[in-house]
Each structure stands twice: as structure tokens, then as C-alpha cells.
Amino acid sequence: MINVSHLSFEYPKQKTKAIDDISFDIDKGEIFGFLGPSGAGKTTTQRLLIGLLRGYDGSVKILGKERRVWQQNIFEHMGVAFDFPNLYLKLSARENLNLISSYYEQKGQSVDELLERVGLLKDADKKVEGYSKGMKMRLNFIRSLLHNPDLLFLDEPTSGLDPVNAQLIKNMIIELKDQGKTIFLTTHNMTVADQLCDRVAFINEGQLSVVERPETLKRTHGKPIVTLTYLEGIREKNKEFLMHGLGENADFLTLLKEKTITSIHSGETTLEDIFIKLTGRSLK
């Protein structure tokens, strides 16, 4: 679906490249997480793929065709939801969606079905200027689905949402993947990336440091230990054991049989810890 080879881009009057010789591929039906802190190059890369920025070096192929030679018809195949919703504030939610839908030849779910999915149907005829940020984010998300695109670009799709609505959007993203949609997801939220992405790419200062499956990264960079917390009288104590041979470890088995266990934790690391380890930067 997407093939990026030796992509570089430099903004005018800037001394350093915003994107510096990056390469990656994205397969059909994959959720690909593009992760990094603000200013790392996430948005620039996304804008290059979408076509909002031109004049790049290297190659960007979308659906097998070089991005710079695509015409406007490429937008029949892609849906975009930016972090900052760009909506017509004086129009209602239904009017916004009907207007955007009229731009496309291909149609997907009905406007009312999409509004119902994200809990906005009862507010469908209210002007968007009166919506909260979370409501605007949900409207912005379903706007990208109106024409049933094969390729989706989602920028911080759960930003500004409460836990219930964030989970609703994540569930919809997984459903889209199950339908065979390909999703390019940019975020600095490593928890969302870990929950949703088949593979992730870490970008920092315009360069990629790794492209890998989240579970592979955590297994590679985590500690192969288990920490057992148990009661000794009224106090809690911790003891670490190597995972290898754990089932035959006499001390471990004795504690399980003879002590009150309060918790068992593996030494699995987080994507954020791995990002800091590989790039030396936090995601803030």
C-alpha cells in the first residue's frame, strides 16, 4: 500500500533536514504506528505521504504509484483525520458530513450511521462551534470514513477523548483493520500504539531508529525476569526470578505454596521506555 525509499525533505531556510533518508513499507490491512515526540518529523512525513508537501527527495509510492504523479483522484482512496479538526463551525455535524461526502464519487456508510457509531446522532443538527473538543475529534474521525477509503491517515485519533470514547475509537480502528483497511497512525501515545499497531516506527530528529512489531521490541529490550511479591507476616517482600526454568525453580515454587502472593510481574518493558533507550529522548 505504501513504499517509502530514501525519503528526505527540507523546509526552506532550514539548516537541517526535517526528514533525513528514511525508508519503510506498509502492507495492506496493517496498522502502522509512526511514533515520536513533537517536532520529530511525524507530521512532515504524513504530509508528504498525503501530498500536502511536495519537493521531496527519494521515492514515495502510494498504491504502487509515485506520489508526485498522482492527481486529485488519489483522495478517493485515502481518508485523513488530523489532530486538530478542521471543520465548518457554522454548520451542523450532519451538514459537515453531507458537504464532505459530496466531494467523493465513492460512498460508504450513511451519515446517520456514522454519527450513531460515535454517539453524535442526537447532536447531529447542532452547530459544530458549540461542540467540545472530544465531540469535534469524533466528528473529524468519521469524516475520514465517509467514502470508504482503503488507506487511512490518523493523527492522534484519541487525543482529547475521555476513556470511554477513546476506547470506542480504538475499537472502530480495529474493525477497519479487520475489513482490510490500511492505517497509518501518528502518535506520541505509546499505550495507544501498543494496543493497536501491528508494527511501529520510531522517528526522532527526522530519522528512523527502528521499525518492528511492538511485542518483538518489548521481548528484545525487556528483562527476562519475574518479580514475586508476597507477605512475610504483615510486610510485603519482593523476590526476582529468571524466567528460564521458572517451573522447576524450587524457591519460586515454595513461595507459591507457602506464602500469600500479592502480585506477580514480568520484566516486560514499555514502548516508551524502549523509545527513550533507543533515541535518548522522551515523548513529551
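Residues numbered from 1 in each chain as written. Predicted model: local features only at pLDDT ≥ 70, side-chain atom pairs only at ≥ 80, totals over all residues. Heavy atoms only, no water.

(A) Broad picture of the sheet that holds strand E9 (residues 199-204). Spatial strand order, E6-E7-E8-E3-E9-E10: six strands in an open sheet with mixed pairing. Of all the strands in the sheet, the pair left with one neighbour each is strand E6 (78-81) and strand E10 (207-212). Geometrically, the sheet is characterised by an average inter-axis angle of 15° between neighbouring strands, direction not taken into account. Strand direction decides the pairing type here: E6 and strand E7 (residues 151-155), joined by four bridges, are parallel. If you follow Gly79 over to E7, its bridge partner there is Leu152. (Pairing = 2+ DSSP bridges. Helix = DSSP H or I, 4+ residues; strand = E, 2+ residues; numbered from the N terminus. Axes fitted to C-alpha atoms, helices over the stretch in contact; angles between N-to-C directions.)

(B) A look at unusual backbone geometry. A positive phi angle is found at Leu63, which is not glycine, with a value near 55°. Take Leu63: it is sitting in the loop between strand E4 (57-62) and strand E5 (65-66). Here the phi dihedral of Glu205 falls at roughly 50°; this positive angle occurs in a residue that is not glycine. Residue placement: Glu205 occurs in the loop between E9 and E10.

(C) Region of the structure containing the packing of aromatic side chains. Under the criterion given, the structure shown has nine aromatic pairs. Ring centres of Phe32 and Phe184 lie 6.2 Å apart, and the angle between their planes is 20°; on these two criteria the pair is classed as stacked. Placement of the pair is Phe32 in strand E3 (residues 31-35) and Phe184 in strand E8 (residues 182-187), with a sequence separation of 152 residues. With respect to burial, Phe32 and Phe184 carry one shared label: buried. For the pair Phe34 and Phe184, a centre-to-centre distance of 5.2 Å together with 35° between the ring planes defines the contact as tilted. In this pair, Phe34 sits in strand E3 while Phe184 sits in strand E8, placing the two residues 150 residues apart along the sequence. Exposure class is identical for Phe34 and Phe184. Each is buried. (Phe/Tyr/Trp six-rings, centres within 6.5 Å; stacked < 30°, edge-to-face > 60°. Buried < 20%, exposed > 50% of the residue type's maximum accessible area, 1.4 Å probe, protein only.)

(D) Quick look at empty space enclosed by the protein. Within this structure, the stated rule accounts for one cavity of 30 Å³ or more. Put simply, the largest cavity is a space of about 40 Å³. Looking at the largest cavity, the residues that line it are Ala81, Met137, Asn140, Phe141, Leu154, Asp155, Glu156 and Pro157. When residues of the lining of the largest cavity are traced back to their parent elements, those giving at least two are helix H4 (133-143) and E7. Its residues assigned to classes, the lining of the largest cavity comprises five nonpolar, one polar and two charged. (1 Å grid on protein atoms, 1.4 Å probe; cavity = no way out; pocket = protein on both sides within 12 Å on 5 of 7 lines; lining within 4 Å. Points joined across faces, edges and corners; volume = space filled by probe spheres on them. Nonpolar A, V, L, I, M, F, W, Y, C, P; charged D, E, K, R; others polar.)

(E) Structural detail: the side chain of Lys42. Mapped onto the fold, Lys42 is located in helix H1 (residues 42-50). For the buried Lys42, which has no salt bridge, the nearest side chain bearing the opposite charge is Glu156, at an N-O separation of 5.0 Å. (Lys, Arg positive; Asp, Glu negative; His and termini not counted. Salt bridge = Lys/Arg side-chain N within 4 Å of Asp/Glu carboxyl O.)

(F) Focus on the side chain of Asp123. By the element assignment, Asp123 lies in the loop between helix H3 (111-117) and H4. Owing to a relative accessible area of 9%, Asp123 belongs among the buried residues under this scheme. Once residues lying within four places of it in the same chain are set aside, the contact partners of Asp123 are Ala93, Tyr131 and Met135. (Contact = heavy atoms within 4.5 Å.)

(G) Up close: helix H9 (residues 271-279). Every buried residue of H9 is accounted for by Leu271, Ile274, Phe275 and Thr279. For H9, the angular spread of the buried residues around the axis is 110°, confining them to a single face. In this structure, the buried residues of H9 make contact with E3, helix H6 (190-196), E9, E10 and helix H7 (214-221). (Arc of directions from axis to C-beta.)

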